[in-house]
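# A closer look at the structure
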Amino acid sequence: MPRQGCSRWVPALSLSCLPWIPGFLLHTATLLSTEPRCARGMQVTSTGPQTIQRAEGESVTLGCSYAPSPVDAGELDIEWSVVSPDTTRKDRMLMSYTGGTQYVHADRALAKGLRFAAADPSRGDASLTIAALSPAHGATYQCKVKKNPGVDARKLSLVVMVKPSVPECWVEGGELVGEAAALHCRSARGSTPLTYSWRRETAGAVLPAAATQNSVTGELKISNHSQSLAGVYLCEVNNAVGAQRCRINLKAIKPPNRAAVIVGTAVGSLLLIVILLVFIGLLYWKMSSRFRHEKEFSNEIREDVPPPESRPASRHTCRSAGHQPQVTYCGLDDGSSFSDAPTHPPRSSTPVKCTSAGYDGRYGNAV
């Protein structure tokens with residue numbers, strides 16, 4: 001019979017058959033109520049996006065609030081570090097808080113403007129503030145809070161972006177009516193992706209149907225330019241952290257008369273040819289006149305030049321070795337004359353006056 005009584009308690013679950021069940025259930029409930037409290041320990045309670053984007057030159061605060069457990073009785077230790085993308089290398093320590101003292105471990109480039117957001121990080125706020133961001137600050141950061149036996153950590157990705165610079169607007173090609181025109185917009189500096197957009201400041205800021213734009217290259221094409229498309233156009237370039245604009249005034253110029261251009265070109269060419277022929281003719285006449293004048297001058301007989309004077313004088317030439325011949329002219333009396341007979345010096349006691357003359361080596365004559 002006891003077996004029959006035991007067979008009936010299965011659907012009814014009579015506690016009188018199993019007197020140990022109440023104690024077992026009470027012990028299990030006690031374990032379940034205390035186990036989560038022991039496993040929770042230190043917790044970083046900060047929430048928000050894991051990836052933060054900021055512009056260059058701005059400041060940012062990386063949140064890291066924490067809540068220790070009552071069982072965490074050890075010394076508080078807070079560490080901020082830069083996670084290395086290479087898993088084989090160590091992370092770089094930036095700042096730490098231990099024993100009530102703050103320490104800076106980063107180099108000068110990263111340590112500038114680096115500080116804890118709270119004056120006392122031990123009060124549950126270990127957030128980190130970075131002032132004057134630069135591209136070098138872009139990295140993955142880790143906040144680690146430890147208070148034995150509890151420990152917890154949080155990672156944040158910081159992306160430092162550069163705002164677009166003021167773009168340059170210009171027109172490529174002509175602005176003639178009836179032809180194609182292209183407006184260009186380009187920013188020299190800024191973090192990608194950069195997005196360009198064109199709009200018209202007049203006529204309701206709506207682009208004409210004949211215009212197509214490229215948001216990546218910043219080009220606005222107008223297939224058939226007309227007077228109605230003239231006006232001021234605005235280009236805006238933007239990225240995740242900023243935007244800049246530039247303006248340009250598109251004109252509509254009437255094309256010149258092609259017939260007049262052709263006639264003007266022909267007349268100008270003929271006029272240039274005539275001027276060139278006249279110049280060549282004047283140059284030829286000038287050269288011919290000079291040549292004829294020089295020829296007449298070389299053949300002219302100079303009648304105003306007297307003939308060279310004859311020198312009726314007897315010459316006595318004295319030559320010596322190594323010297324040029326010396327010629328001596330001696331004056332004669334008025335009554336003397338030349339004869340075929342050899343001449344002899346006069347026997348009178350009157351001395352003969354002689355004068356030395358030079359010698360012309362080129363012609364061999366006395367001078």
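For the structure itself, look to the data block above.
None of these values were measured; they are calculated from a predicted model. (Residues numbered from 1 in each chain as written. Predicted model: local features only at pLDDT ≥ 70, side-chain atom pairs only at ≥ 80, totals over all residues. Heavy atoms only, no water.)

### Structural notes on the sheet that holds strand 2 (residues 51–55)
Hydrogen bonds between backbone groups are what pair the strands of a sheet, and the pairing can be parallel or antiparallel. With respect to topology, six strands assemble into an open sheet ordered 2-11-10-5-6-7, the strand pairing being mixed. The sheet is open, and its two edges are formed by strand 2 and strand 7 (101–104), each paired on a single side. The mean angle between the axes of side-by-side strands here comes to 20 degrees, regardless of whether they run parallel or antiparallel. Here strand 5 (residues 77–82) runs beside strand 6 (residues 92–98); their pairing, made up of six bridges, is antiparallel. Each residue of the ladder has a partner; that of Asp77, found in strand 6, is Thr98. (Pairing = 2+ DSSP bridges. Helix = DSSP H or I, 4+ residues; strand = E, 2+ residues; numbered from the N terminus. Axes fitted to C-alpha atoms, helices over the stretch in contact; angles between N-to-C directions.)

### Structural notes on the pattern of salt bridges
For the structure shown, the criterion picks out four salt bridges. Glu201 is the partner of Arg247 in a salt bridge, and the nearest nitrogen-oxygen pair spans 2.5 Å. Pair noted here: Arg247 is in strand 18 (residues 242–250) and Glu201 is in the loop between strand 14 (195–200) and strand 15 (211–214), with a separation of 46 residues, a long-range link. Residue class for Glu201 comes out partly exposed when judged on its relative accessible area of 38%. (Salt bridge = Lys/Arg side-chain N within 4 Å of Asp/Glu carboxyl O. Buried < 20%, exposed > 50% of the residue type's maximum accessible area, 1.4 Å probe, protein only.)

### Re the sheet that holds strand 17 (residues 231–239)
What the three strands build is an open sheet, ordered 14-17-18; its pairing is antiparallel. Sheet topology places strand 14 and strand 18 at the edges, where each strand pairs with a single neighbour. Averaged over all pairs of adjacent strands, the angle between their axes in this sheet comes to 20 degrees, without regard to strand direction. Alignment of strand 17 against strand 18, held across nine bridges, turns out to be antiparallel. In the strand pairing of strand 18, Leu234 is matched with Arg247.

### Some points on the nonpolar core
Counting residues in hydrophobic clusters, the biggest one holds 29 residues, and the most contacted among them are Leu62, Ile78, Trp80, Ile130, Tyr141, Val145 and Leu158. Elements with a contribution of two residues or more to this core: strand 3 (60–62), strand 5, strand 6, strand 8 (114–116), strand 9 (128–130), strand 10 (139–147) and strand 11 (150–161). The dominant element in this core, judged by the number of residues it contributes, is strand 10, at four residues. Beyond its immediate sequence surroundings of up to four residues, Leu62 is in contact with Ile52, Trp80, Ser127, Leu128, Ile130, Tyr141 and Leu156. Among the nonpolar cores identified, the runner-up in size contains 16 residues, and Leu183, Leu194, Leu220 and Cys246 belong to it. (Core = buried A, V, L, I, M, F, W, Y, C linked by side-chain atoms within 4.5 Å. Contact = heavy atoms within 4.5 Å.)

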